[in-house]
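Residue-level structural notes
Each chain, letter by letter, is given below.
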Amino acid sequence: MSGRPRNDLLAGLTVAIVALPLALGFGISSGLGAASGLATAVVAGSLAALFGGSALQVSGTSGAMTVVLMPIMSEHGASGVLTVGLLAGMLLVGLALAGAGRSMALIPAPVVAGFTVGIACVIGLQQFPHALGVPPHESDKVAVVAWHAVLDFLARPHWWAMSITLMVAAALIVGASLRPTVPFSLLVVAVVTVVAELAALPLARIGHLPSGLPAPTLAFFDGDALPSLIAPAIAVAALASLESLLSATVADNMTGRHRHDPDRELFGQGLANLVTPLFGGMPGTGAIVRTAVNVRSGAHSRLAALSHALILGAIVYLAAGLVARIPLAALAGVLLATSVRMVERDSVRAMFRSTRSDGAVLVLTAVATLTLDTVLAVIIGLVVAGALALRAIARNVRFDQEPLRHDLQPQHTKDEHELLAEHIVTYRLNGPLFFAAAHRFLLELSEVEDVSVVVLRMSRVTTIDASGALVLGDAIERLQHRGIMVYVSGIPDGHHQPLEALGVIGRLDKAGQVFATTDEAIAAARERLHNTGIVPRLAG
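Attention in this report is confined to the structure presented alongside it. Worth saying up front: this structure is predicted, and the values here are computed from it rather than measured.

A short note on the packing of helix H1 (residues 5-30) against helix H12 (residues 302-318)
- It is at 7 Å that the axes of H1 and H12 come closest, and there the two elements cross at 50°. Taken as axis vectors, H1 and H12 run oblique relative to one another. In the packing of H1 onto H12, the handedness of the crossing is right-handed. Contacts between H1 and H12 involve Pro5, Asp8, Leu9, Ala11, Gly12, Leu13, Val15, Ala16, Ala19 and Leu20 on the former and, on the latter, Leu303, Ala304, Ser307, His308, Ile311, Leu312 and Ile315.
- Looking at side-chain class alone, the contact of H1 with H12 contains 13 nonpolar, three polar and one charged residues.

In structure tokens form, the structure reads like this:
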């Protein structure tokens with residue numbers, strides 16, 4: 001599996017140390033409990049490492065997935081969350097078999113950055129109850145939960161919890177900036193736990209953990225609730241595919257040596273989510289933070305991610321009692337630090353400096369992630385980014401009038417050329433003639449006046465859709481209705497079909513007004529003007 005097993009084993013140990021408090025914290029935040037987070041890290045981490053498409057990806061619980069699961073847990077309970085995980089696994093396998101993985105590369109960078117910023121804010125707000133030492137308010141809106149936690153704290157302050165949370169978060173942020181490879185999260189949590197035990201501090205703890213994974217079972221599956229769980233399952237599958245492929249891309253970029261297989265990655269994540277609910281685990285995904293730690297720790301193969309899961313499994317069986325004594329405030333500090341470190345501030349600043357559109361998409365996606373739904377936020381970001389991109393393309397479409405060149409009629413006198421130029425005007429179309437730019441094209445072309453012939457030069461048209469073809473046909477009819485003859489030249493190969501299918505150039509072609517080159521079109525127009533007497537023939 002690897003030519004450097006020692007490096008992979010050491011990387012796996014490092015990642016396991018980082019992953020332990022995250023798995024516990026995200027399991028508790030989801031409402032399923034710390035044991036569910038550990039089960040996800042062990043089972044999903046193992047299966048995704050073996051069958052996924054990235055050699056360096058580390059899978060397990062994630063903050064973004066926790067955000068999606070909270071309303072499902074609130075409405076359907078633990079059985080609903082487990083059923084959703086099972087259904088999401090099926091959907092992911094289906095996406096993999098359909099070859100949908102490669103389409104994820106089309107997501108714009110501002111949408112990804114905005115999604116990350118929004119998720120970081122959500123994770124931070126989720127920690128307010130445990131950080132302030134108060135019971136969490138029942139709501140699927142994290143801002144509401146955080147607000148009620150502040151009000152409860154002001155009514156009955158719990159300084160020990162808040163102090164420990166801030167101390168842990170500060171230690172991790174400072175430690176990560178000074179020594180990125182040192183697993184400060186487990187070290188700080190261990191110290192805080194020992195001190196809290198020795199001083200008998202009044203802090204809420206994780207509580208009972210089973211010493212081992214439960215036997216696999218399908219007892220949670222409720223067929224009657226299945227119709228109402230389809231939409232949540234789609235949301236979970238969409239998030240799992242998005243986050244996993246983004247994380248795998250991050251790993252590729254960090255090494256420069258590996259390239260993941262996106263469809264195989266979706267298959268591995270789907271298989272992991274099919275099996276994990278049987279052991280009481282929450283839906284899992286590729287985890288950017290743990291994957292980055294894995295790469296920085298010198299991992300070279302799947303052995304690192306697999307050993308991380310096996311080490312966590314050993315902790316579940318051998319040290320469940322010790323883990324149960326960890327204060328929730330300490331885990332809140334770990335997750336607060338994680339939320340701060342998730343945001344690539346340089347990347348965000350660069351996007352704000354690039355264009356207004358990029359900054360707007362980033363902010364909109366982040367706000368939608370925080371206030372609405374994570375998958376809906378990505379959809380909104382994609383729609384807005386697409387609309388802005390189309391607007392930018394439409395603005396670059398040019399419709400330029402060009403002078404009638406002397407070299408097109410070298411056999412005629414200057415006087416005749418000037419007389420022809422009064423009656424013939426040529427326009428060059430540049431770029432895509434599509435729905436976003438078609439209306440402006442119609443307005444400009446309809447304003448042509450005081451000429452007898454319009455020659456449309458189309459050799460630089462890059463694409464034509466149905467809307468563009470129909471608008472072109474409408475513009476030609478308007479010109480002809482005003483007595484202006486229209487000639488078309490240089491239609492690129494591949495663009496004839498929409499024009500012919502929609503009847504745009506059929507009559508022009510029959511009338512001999514469609515040509516391969518502009519020279520031919522102008523020569524035909526000149527001859528028509530001579531034959532009709534609009535332009536008299538002058539002696540050369």
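Some remarks on the side chain of glutamine 127
- If you trace the backbone, glutamine 127 turns up in the loop between helix H4 (109-126) and helix H5 (128-132).
- In this view, glutamine 127 contacts Ser29, Ala332, Leu335 and Leu336; residues no more than four positions away in its chain are not counted.

Details of the pairing of strand S6 (residues 485-489)
- Of all five residues that make up S6, five are buried, and the element is covered over most of its length.
- Side chains Met485, Tyr487 and Ser489 project from S6 onto one buried face, and the interleaved Val486 and Val488 project onto a second face that is buried too.
- Alignment of strand S5 (residues 453-464) against S6, held across five bridges, turns out to be parallel. Paired with valine 455 across the two strands is tyrosine 487, which belongs to S6.
- Viewed along the sheet, the connection from S5 through helix H20 (residues 466-481) into S6 turns out right-handed.

Digging into the side chain of glutamine 269
- Mapped onto the fold, glutamine 269 is located in helix H10 (residues 262-275).
- Residue glutamine 269 is classed as buried on the basis of its relative accessible area of 1%.
- Other than its neighbours up to four places away in sequence, glutamine 269 contacts Ala48, Gln57, Ser59, Leu92, Ser244, Gly284, Thr285 and Gly286.

Observations concerning the environment of leucine 456
- Among the structural elements, leucine 456 can be located in strand S5.
- In sequence terms leucine 456 and glutamine 497 are 41 residues apart; their C-alpha atoms lie 18 Å from each other.
- Not counting residues up to four positions away in its chain, the partners in contact with leucine 456 are Phe399, Tyr427, Leu429, Leu445, Leu472, Ile476, Val486, Tyr487, Val488 and Ser489.

Describing the environment of leucine 445
- With respect to the helices and strands, the residue leucine 445 is situated in helix H19 (residues 435-446).
- When the C-alpha atoms of leucine 445 and phenylalanine 399 are compared, they prove to be 8.4 Å apart, with 46 residues separating the residues in sequence.
- Discounting residues that sit within four places of it in the chain, leucine 445 has contacts with Phe399, Val454, Leu456, Ala475 and Leu479.

Quick word on empty space enclosed by the protein
- On inspection of all chains with the given rule, the structure shows two cavities of 30 Å³ or more.
- Estimates place the volume of the second largest cavity at around 40 Å³.
- If you trace the second largest cavity, you find it lined by Gly25, Ile28, Ser29, Gln127, His130, Leu328, Leu331, Ala332 and Leu335.
- Elements with a minimum of two residues in the lining of the second largest cavity: H1 and helix H14 (328-342).
- Per-element tally for the lining of the second largest cavity: the top contributor is H14, with four residues.
- Residues that form the lining of the second largest cavity fall into these classes: five nonpolar, four polar and no charged.

Parameters and conventions
- Residues numbered from 1 in each chain as written.
- Predicted model: local features only at pLDDT ≥ 70, side-chain atom pairs only at ≥ 80, totals over all residues.
- Heavy atoms only, no water.
- Axes fitted to C-alpha atoms, helices over the stretch in contact; angles between N-to-C directions.
- Helix = DSSP H or I, 4+ residues; strand = E, 2+ residues; numbered from the N terminus.
- Parallel < 35°, antiparallel > 145°, perpendicular 65-115°, else oblique.
- Left-handed = near helix turned anticlockwise from the far one by under 90°.
- Contact = heavy atoms within 4.5 Å.
- Nonpolar A, V, L, I, M, F, W, Y, C, P; charged D, E, K, R; others polar.
- Buried < 20%, exposed > 50% of the residue type's maximum accessible area, 1.4 Å probe, protein only.
- Pairing = 2+ DSSP bridges.
- Right-handed = clockwise from strand over helix to strand, strands pointing away.
- 1 Å grid on protein atoms, 1.4 Å probe; cavity = no way out; pocket = protein on both sides within 12 Å on 5 of 7 lines; lining within 4 Å.
- Points joined across faces, edges and corners; volume = space filled by probe spheres on them.

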